[in-house]
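So the chains spell out like this:
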Amino acid sequence: MAEDLLTRDDVHQDQPVERDPVVVFDNVSITFDVKPVLEDISFTVAHGETRIILGPAGGGKSVLMKLADGLLKADSGTIHVFGQDITRMPETELFKLRARIGMVFQESALFDSISVEDNVAYRLHEDLVPEEEAHDRVVEALRFVGLEQAIAKFPPELSGGMRRRVSIARAIISQPDLILYDSPTGGLDPITSTTIIELVMKQRDVSHTTSLMITHRLQDAFTLAMNRFNPETEKMEPLPDGGIDESTKFLVLNEGRVVFDGNTRELVRSDDPWLRQFLS
Ligand SMILES: Nc1ncnc2c1ncn2[C@@H]1O[C@H](COP(=O)(O)OP(=O)(O)O)[C@@H](O)[C@H]1O
Ligand SMILES: [Mg+2]
(Lines give C-alpha, C1' and ligand atoms only; values in the text may rest on other atoms or scores of the structure.)
(Ligands and ions follow the chains in the order given, each with its own letter.)
Protein backbone atom coordinates (compact mmCIF):
# COMPACT_ATOMS: atom_id res chain seq x y z
CA MET A 1 0.00 0.00 0.00
CA ALA A 2 2.69 2.46 1.06
CA GLU A 3 4.82 1.37 -1.89
CA ASP A 4 1.85 1.96 -4.09
CA LEU A 5 1.64 5.52 -2.89
CA LEU A 6 5.34 6.10 -3.37
CA THR A 7 5.34 4.86 -6.94
CA ARG A 8 2.38 7.03 -7.89
CA ASP A 9 4.03 9.46 -10.25
CA ASP A 10 1.91 12.42 -9.11
CA VAL A 11 3.57 12.25 -5.68
CA HIS A 12 6.93 12.83 -7.30
CA GLN A 13 5.84 15.20 -10.03
CA ASP A 14 3.57 17.52 -8.14
CA GLN A 15 6.01 18.82 -5.60
CA PRO A 16 8.72 20.34 -7.79
CA VAL A 17 5.99 21.79 -10.03
CA GLU A 18 4.38 23.45 -7.02
CA ARG A 19 7.63 25.21 -6.13
CA ASP A 20 7.98 26.71 -9.60
CA PRO A 21 6.59 30.18 -10.09
CA VAL A 22 2.85 29.98 -10.63
CA VAL A 23 2.65 32.51 -13.48
CA VAL A 24 5.47 33.59 -15.80
CA PHE A 25 5.03 36.07 -18.66
CA ASP A 26 8.00 36.26 -20.99
CA ASN A 27 8.05 39.08 -23.56
CA VAL A 28 4.34 38.83 -24.18
CA SER A 29 2.73 41.07 -26.80
CA ILE A 30 -0.79 41.26 -28.18
CA THR A 31 -2.29 43.57 -30.77
CA PHE A 32 -5.97 44.06 -31.57
CA ASP A 33 -6.46 45.22 -35.16
CA VAL A 34 -3.49 47.55 -35.41
CA LYS A 35 -3.43 48.72 -31.81
CA PRO A 36 -0.69 47.18 -29.63
CA VAL A 37 -2.44 46.48 -26.31
CA LEU A 38 0.43 44.77 -24.45
CA GLU A 39 4.05 45.12 -25.52
CA ASP A 40 6.89 42.95 -24.26
CA ILE A 41 5.36 42.15 -20.89
CA SER A 42 7.55 40.06 -18.58
CA PHE A 43 6.91 39.29 -14.93
CA THR A 44 6.79 36.35 -12.54
CA VAL A 45 4.32 35.49 -9.80
CA ALA A 46 5.74 33.24 -7.09
CA HIS A 47 3.88 30.62 -5.12
CA GLY A 48 1.72 32.26 -2.44
CA GLU A 49 2.18 35.73 -3.89
CA THR A 50 -0.62 38.27 -4.23
CA ARG A 51 0.20 40.39 -7.26
CA ILE A 52 -1.71 43.64 -7.48
CA ILE A 53 -2.08 45.06 -10.98
CA LEU A 54 -2.51 48.80 -11.18
CA GLY A 55 -2.69 51.31 -13.97
CA PRO A 56 -4.93 53.70 -15.88
CA ALA A 57 -8.05 52.40 -17.65
CA GLY A 58 -7.36 50.92 -21.06
CA GLY A 59 -3.79 50.00 -20.09
CA GLY A 60 -4.26 46.29 -20.79
CA LYS A 61 -4.91 44.94 -17.27
CA SER A 62 -7.96 42.84 -18.15
CA VAL A 63 -6.32 41.61 -21.35
CA LEU A 64 -3.32 40.46 -19.29
CA MET A 65 -5.61 38.52 -16.98
CA LYS A 66 -7.43 36.86 -19.88
CA LEU A 67 -4.06 35.83 -21.30
CA ALA A 68 -3.17 34.22 -17.96
CA ASP A 69 -6.39 32.20 -18.09
CA GLY A 70 -5.84 31.22 -21.75
CA LEU A 71 -9.00 33.07 -22.82
CA LEU A 72 -6.89 35.18 -25.18
CA LYS A 73 -3.80 34.14 -27.14
CA ALA A 74 -0.61 36.20 -27.22
CA ASP A 75 0.77 37.20 -30.62
CA SER A 76 4.30 36.64 -29.37
CA GLY A 77 6.11 35.66 -26.20
CA THR A 78 5.30 32.80 -23.85
CA ILE A 79 3.16 32.38 -20.75
CA HIS A 80 3.69 29.60 -18.25
CA VAL A 81 1.04 28.77 -15.65
CA PHE A 82 1.77 26.05 -13.06
CA GLY A 83 4.97 25.37 -14.99
CA GLN A 84 3.11 24.60 -18.23
CA ASP A 85 3.43 26.60 -21.43
CA ILE A 86 -0.12 27.74 -22.14
CA THR A 87 0.73 29.79 -25.22
CA ARG A 88 0.22 26.93 -27.61
CA MET A 89 -1.86 24.69 -25.40
CA PRO A 90 -4.86 22.96 -27.00
CA GLU A 91 -8.29 23.86 -25.63
CA THR A 92 -8.79 20.47 -23.95
CA GLU A 93 -5.61 21.01 -21.90
CA LEU A 94 -6.58 24.60 -21.13
CA PHE A 95 -9.87 23.32 -19.81
CA LYS A 96 -8.01 21.15 -17.28
CA LEU A 97 -5.74 24.03 -16.36
CA ARG A 98 -8.71 26.34 -15.74
CA ALA A 99 -10.08 23.84 -13.26
CA ARG A 100 -7.21 24.97 -11.02
CA ILE A 101 -7.95 28.67 -11.50
CA GLY A 102 -10.72 30.68 -9.81
CA MET A 103 -11.91 33.83 -11.57
CA VAL A 104 -13.76 36.77 -10.07
CA PHE A 105 -15.02 39.11 -12.77
CA GLN A 106 -15.68 42.79 -12.30
CA GLU A 107 -19.37 42.43 -13.11
CA SER A 108 -19.73 39.41 -10.75
CA ALA A 109 -21.03 37.49 -13.81
CA LEU A 110 -23.64 35.49 -11.88
CA PHE A 111 -26.63 33.82 -13.51
CA ASP A 112 -29.67 35.82 -12.39
CA SER A 113 -32.21 33.06 -12.97
CA ILE A 114 -30.59 30.43 -10.74
CA SER A 115 -30.18 30.50 -6.97
CA VAL A 116 -27.05 31.54 -5.11
CA GLU A 117 -26.53 27.88 -4.26
CA ASP A 118 -26.59 26.82 -7.92
CA ASN A 119 -24.40 29.75 -8.94
CA VAL A 120 -21.75 28.80 -6.38
CA ALA A 121 -22.06 25.07 -7.19
CA TYR A 122 -21.84 25.70 -10.93
CA ARG A 123 -18.43 24.15 -11.40
CA LEU A 124 -19.16 21.26 -9.05
CA HIS A 125 -22.28 20.45 -11.06
CA GLU A 126 -20.19 20.50 -14.25
CA ASP A 127 -17.78 18.09 -12.60
CA LEU A 128 -20.70 15.85 -11.57
CA VAL A 129 -19.92 16.14 -7.85
CA PRO A 130 -22.71 14.33 -5.93
CA GLU A 131 -25.45 16.68 -4.77
CA GLU A 132 -24.95 16.20 -1.04
CA GLU A 133 -21.22 16.89 -1.21
CA ALA A 134 -21.85 19.87 -3.51
CA HIS A 135 -24.30 21.30 -0.99
CA ASP A 136 -21.86 20.96 1.90
CA ARG A 137 -19.12 22.64 -0.11
CA VAL A 138 -21.43 25.49 -1.12
CA VAL A 139 -22.31 26.06 2.53
CA GLU A 140 -18.62 26.09 3.43
CA ALA A 141 -17.74 28.53 0.62
CA LEU A 142 -20.64 30.83 1.54
CA ARG A 143 -19.57 30.70 5.18
CA PHE A 144 -16.09 31.83 4.11
CA VAL A 145 -17.60 34.95 2.53
CA GLY A 146 -20.16 35.41 5.33
CA LEU A 147 -23.24 34.74 3.21
CA GLU A 148 -24.69 31.42 4.38
CA GLN A 149 -28.05 33.06 4.93
CA ALA A 150 -28.32 33.98 1.23
CA ILE A 151 -28.04 30.42 -0.10
CA ALA A 152 -31.62 30.21 -1.38
CA LYS A 153 -31.77 33.75 -2.75
CA PHE A 154 -31.38 34.83 -6.37
CA PRO A 155 -28.70 37.30 -7.50
CA PRO A 156 -31.15 40.14 -8.36
CA GLU A 157 -32.28 40.09 -4.69
CA LEU A 158 -28.74 40.85 -3.48
CA SER A 159 -26.78 44.09 -3.14
CA GLY A 160 -23.73 44.68 -5.33
CA GLY A 161 -21.38 43.80 -2.49
CA MET A 162 -23.23 40.56 -1.75
CA ARG A 163 -23.13 39.56 -5.42
CA ARG A 164 -19.40 40.16 -5.43
CA ARG A 165 -19.07 37.94 -2.36
CA VAL A 166 -21.09 35.20 -4.09
CA SER A 167 -18.72 35.38 -7.04
CA ILE A 168 -15.77 34.99 -4.67
CA ALA A 169 -17.45 31.94 -3.10
CA ARG A 170 -17.90 30.51 -6.60
CA ALA A 171 -14.24 31.13 -7.43
CA ILE A 172 -12.87 29.47 -4.28
CA ILE A 173 -15.20 26.46 -4.11
CA SER A 174 -12.84 24.21 -6.03
CA GLN A 175 -9.91 25.30 -3.85
CA PRO A 176 -8.02 26.81 -6.77
CA ASP A 177 -4.25 27.08 -6.91
CA LEU A 178 -4.55 30.52 -8.51
CA ILE A 179 -7.24 33.20 -8.19
CA LEU A 180 -7.67 35.97 -10.73
CA TYR A 181 -9.64 38.95 -9.43
CA ASP A 182 -10.56 41.55 -12.06
CA SER A 183 -11.49 44.73 -10.18
CA PRO A 184 -13.35 42.97 -7.35
CA THR A 185 -14.25 46.33 -5.79
CA GLY A 186 -15.27 48.04 -9.03
CA GLY A 187 -18.58 49.87 -8.70
CA LEU A 188 -18.80 49.35 -4.92
CA ASP A 189 -18.89 52.03 -2.24
CA PRO A 190 -15.77 52.43 -0.05
CA ILE A 191 -17.13 50.52 2.97
CA THR A 192 -18.34 47.57 0.89
CA SER A 193 -15.05 47.63 -1.02
CA THR A 194 -13.19 47.19 2.25
CA THR A 195 -15.26 44.09 3.10
CA ILE A 196 -14.29 42.61 -0.27
CA ILE A 197 -10.60 43.43 0.24
CA GLU A 198 -10.86 41.77 3.65
CA LEU A 199 -11.94 38.57 1.86
CA VAL A 200 -9.05 38.81 -0.58
CA MET A 201 -6.77 39.20 2.46
CA LYS A 202 -8.39 36.24 4.21
CA GLN A 203 -7.75 34.12 1.15
CA ARG A 204 -4.14 35.35 1.12
CA ASP A 205 -3.42 34.87 4.84
CA VAL A 206 -5.52 31.80 5.64
CA SER A 207 -5.29 29.78 2.40
CA HIS A 208 -2.09 31.37 0.97
CA THR A 209 -3.55 31.13 -2.50
CA THR A 210 -1.48 32.71 -5.26
CA SER A 211 -3.46 35.49 -6.85
CA LEU A 212 -3.54 38.32 -9.34
CA MET A 213 -5.77 41.23 -8.48
CA ILE A 214 -6.57 44.15 -10.74
CA THR A 215 -7.75 47.25 -8.96
CA HIS A 216 -8.26 50.89 -9.85
CA ARG A 217 -8.35 51.79 -6.13
CA LEU A 218 -4.95 52.54 -4.64
CA GLN A 219 -6.64 52.26 -1.27
CA ASP A 220 -7.30 48.54 -1.93
CA ALA A 221 -3.66 48.01 -2.75
CA PHE A 222 -2.33 49.71 0.37
CA THR A 223 -4.90 48.04 2.60
CA LEU A 224 -3.62 44.67 1.37
CA ALA A 225 0.00 45.68 1.79
CA MET A 226 -0.34 46.99 5.36
CA ASN A 227 -2.83 44.65 7.01
CA ARG A 228 -3.24 40.99 7.85
CA PHE A 229 -6.26 38.82 8.46
CA ASN A 230 -6.61 37.63 12.04
CA PRO A 231 -8.43 34.26 12.01
CA GLU A 232 -9.34 34.59 15.69
CA THR A 233 -11.17 37.89 15.45
CA GLU A 234 -12.20 37.12 11.83
CA LYS A 235 -11.13 40.67 10.95
CA MET A 236 -8.23 42.41 9.35
CA GLU A 237 -5.80 44.36 11.49
CA PRO A 238 -2.74 46.50 10.80
CA LEU A 239 0.53 44.58 10.67
CA PRO A 240 2.50 45.23 13.87
CA ASP A 241 5.13 47.98 13.95
CA GLY A 242 4.01 49.42 10.64
CA GLY A 243 5.04 46.18 8.91
CA ILE A 244 4.36 45.37 5.28
CA ASP A 245 3.00 42.10 3.91
CA GLU A 246 5.89 40.52 2.05
CA SER A 247 3.71 38.29 -0.15
CA THR A 248 2.01 41.31 -1.73
CA LYS A 249 3.68 42.74 -4.83
CA PHE A 250 2.80 45.18 -7.56
CA LEU A 251 2.74 45.38 -11.32
CA VAL A 252 1.88 48.77 -12.80
CA LEU A 253 0.86 48.91 -16.45
CA ASN A 254 0.54 51.99 -18.59
CA GLU A 255 -0.31 51.97 -22.27
CA GLY A 256 0.53 48.31 -22.60
CA ARG A 257 3.91 48.41 -20.91
CA VAL A 258 5.20 47.48 -17.47
CA VAL A 259 6.14 50.69 -15.68
CA PHE A 260 6.75 49.05 -12.30
CA ASP A 261 7.37 45.49 -11.07
CA GLY A 262 8.32 45.09 -7.43
CA ASN A 263 7.33 45.18 -3.78
CA THR A 264 5.52 47.79 -1.71
CA ARG A 265 8.65 49.52 -0.39
CA GLU A 266 10.09 49.85 -3.87
CA LEU A 267 6.78 51.21 -5.11
CA VAL A 268 6.47 53.93 -2.50
CA ARG A 269 10.15 54.86 -2.81
CA SER A 270 10.21 55.00 -6.60
CA ASP A 271 11.28 58.38 -7.96
CA ASP A 272 9.85 57.70 -11.41
CA PRO A 273 7.91 60.91 -12.18
CA TRP A 274 5.03 59.16 -13.94
CA LEU A 275 4.64 56.70 -11.06
CA ARG A 276 4.78 59.43 -8.42
CA GLN A 277 2.06 61.30 -10.27
CA PHE A 278 -0.04 58.13 -10.62
CA LEU A 279 0.29 57.31 -6.91
CA SER A 280 -0.48 60.80 -5.67
N1 LIG B 1 -11.37 41.67 -27.43
C2 LIG B 1 -10.88 42.88 -27.75
N3 LIG B 1 -10.88 43.30 -29.03
C4 LIG B 1 -10.36 44.51 -29.37
N5 LIG B 1 -9.80 45.37 -28.50
C6 LIG B 1 -9.78 44.99 -27.20
C7 LIG B 1 -10.32 43.75 -26.75
N8 LIG B 1 -10.15 43.64 -25.41
C9 LIG B 1 -9.54 44.80 -25.03
N10 LIG B 1 -9.31 45.60 -26.10
C11 LIG B 1 -8.64 46.91 -26.06
O12 LIG B 1 -7.42 46.73 -25.35
C13 LIG B 1 -7.14 47.87 -24.54
C14 LIG B 1 -6.88 47.42 -23.12
O15 LIG B 1 -8.09 46.93 -22.55
P16 LIG B 1 -8.21 46.36 -21.08
O17 LIG B 1 -7.23 45.29 -20.87
O18 LIG B 1 -9.65 46.01 -20.89
O19 LIG B 1 -7.83 47.62 -20.19
P20 LIG B 1 -7.90 47.80 -18.60
O21 LIG B 1 -6.49 48.10 -18.18
O22 LIG B 1 -8.79 48.97 -18.36
O23 LIG B 1 -8.44 46.53 -18.04
C24 LIG B 1 -8.31 48.81 -24.70
O25 LIG B 1 -7.95 49.80 -25.64
C26 LIG B 1 -9.41 47.92 -25.24
O27 LIG B 1 -10.28 48.66 -26.03
MG1 LIG C 1 -10.28 46.12 -17.10
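Structure's up top.
Let me begin by describing the structure that accompanies this report. Residue indices begin from 1 for each chain and proceed along its sequence in written order. To label them, take the chains in the order written and letter them from A, then take the ligands in the order written and number them from 1. In view of the model being predicted, local features appear only for residues whose pLDDT reaches at least 70, and side-chain atom pairs are presented and counted only at 80 or more, with totals across whole chains, interfaces and linings using the full set of residues. Computation of side-chain values covers all heavy atoms of the structure but excludes hydrogens and water.

Comments concerning the pattern of salt bridges
Phase 1: Each salt bridge in this description consists of a side-chain nitrogen of Lys or Arg and a carboxyl oxygen of Asp or Glu lying within 4 Å of one another. By the definition in use, this model includes 14 salt bridges.
Phase 2: Notably, a salt bridge pairs R257 with E39, separated by 3.3 Å at the nearest N-O pair. Linking R257 in strand 12 (residues 257-263) with E39 in strand 2 (residues 35-45), this pair joins segments that are 218 residues apart in sequence.
Phase 3: When its relative accessible area of 41% is taken as the criterion, R257 is described as partly exposed.
Phase 4: We call a residue buried when its accessible area falls under 20% of the maximum for its residue type, exposed when it is over 50%, and partly exposed in between, using a 1.4 Å probe and counting protein chains only. Exposure remark for E39: the relative accessible area of 26% places this residue in the partly exposed category.
Phase 5: The closest approach of N and O atoms between R98 and E91, which form a salt bridge, is 3.1 Å.
Phase 6: The exposure class of R98 is buried, given its relative accessible area of 14%. Strands are runs of DSSP state E lasting at least 2 residues, helices are runs of H or I lasting at least 4, and numbering of each runs from the N terminus.

Focus on the packing of aromatic side chains
Phase 1: Aromatic contacts are taken between Phe, Tyr and Trp rings whose centres are within 6.5 Å, Trp giving its six-membered ring; a plane angle under 30 degrees counts as stacked, one over 60 as edge-to-face, and the others as tilted. Enumeration according to the criterion identifies four aromatic pairs in this entry.
Phase 2: Measuring from ring centre to ring centre gives 5.2 Å for F111 and Y122, while their planes differ by 45 degrees; the resulting arrangement is tilted. Pair noted here: F111 is in the loop between strand 6 (101-104) and helix 5 (116-120) and Y122 is in helix 6 (residues 122-126), with a separation of 11 residues, a long-range link.
Phase 3: The exposure class of Y122 is partly exposed, given its relative accessible area of 36%.
Phase 4: Seen from their ring centres, W274 and F278 are 5.2 Å apart, and the 10 degrees between their planes marks the pair as stacked. Within this pair, W274 and its partner F278 are both found in helix 12 (residues 273-279), separated by four residues, close to a single helical turn.
Phase 5: With a relative accessible area of 29%, W274 lands in the partly exposed category.

Description of the nonpolar core
Phase 1: We call a set of buried Ala, Val, Leu, Ile, Met, Phe, Trp, Tyr and Cys residues a nonpolar core when their side-chain atoms join them within 4.5 Å. With 46 residues, the main nonpolar core has V120, L142, V145, I168, F250 and L267 as its most contacted residues.
Phase 2: A domain split of this core shows at least three residues from each of domain 1 (3-7 + 18-100 + 176-279) and domain 2 (111-175).
Phase 3: Leave out the neighbours within four places in its chain, and V120 touches V138, A141, L142, V166, A169, R170 and I173.
Phase 4: Ranked by size, the runner-up nonpolar core spans 32 residues in total, among them I53, L178, L180 and L212. For the purposes of this description, domain bounds are those given by an automatic or database domain assignment. Should any heavy atoms of two residues lie within 4.5 Å, those residues are considered in contact.

Let's talk about helix 9 (residues 190-207)
Phase 1: Each helix should span, by expectation, one fewer than its residue count multiplied by 1.5 Å. With 18 residues, helix 9 extends 25 Å between its outermost C-alpha atoms, agreeing within 8% with the 26 Å of an ideal straight helix rising 1.5 Å per residue.
Phase 2: Residues T192, S193, I196, I197, L199, V200, M201, K202, Q203 and R204 constitute the buried set of helix 9.
Phase 3: Polar contact is the term for a pair of N or O atoms within 3.5 Å; when the atoms are in protein, one must be able to donate a hydrogen and the other to accept it, and sequence-neighboring residues count only if both atoms are side-chain atoms. Capping of helix 9 at its N-terminal end is provided by D189; its side-chain oxygen lies 3.1 Å from the backbone amide nitrogen of I191.
Phase 4: Looking one or two places after helix 9, you find H208, whose phi comes out positive at around 55 degrees.

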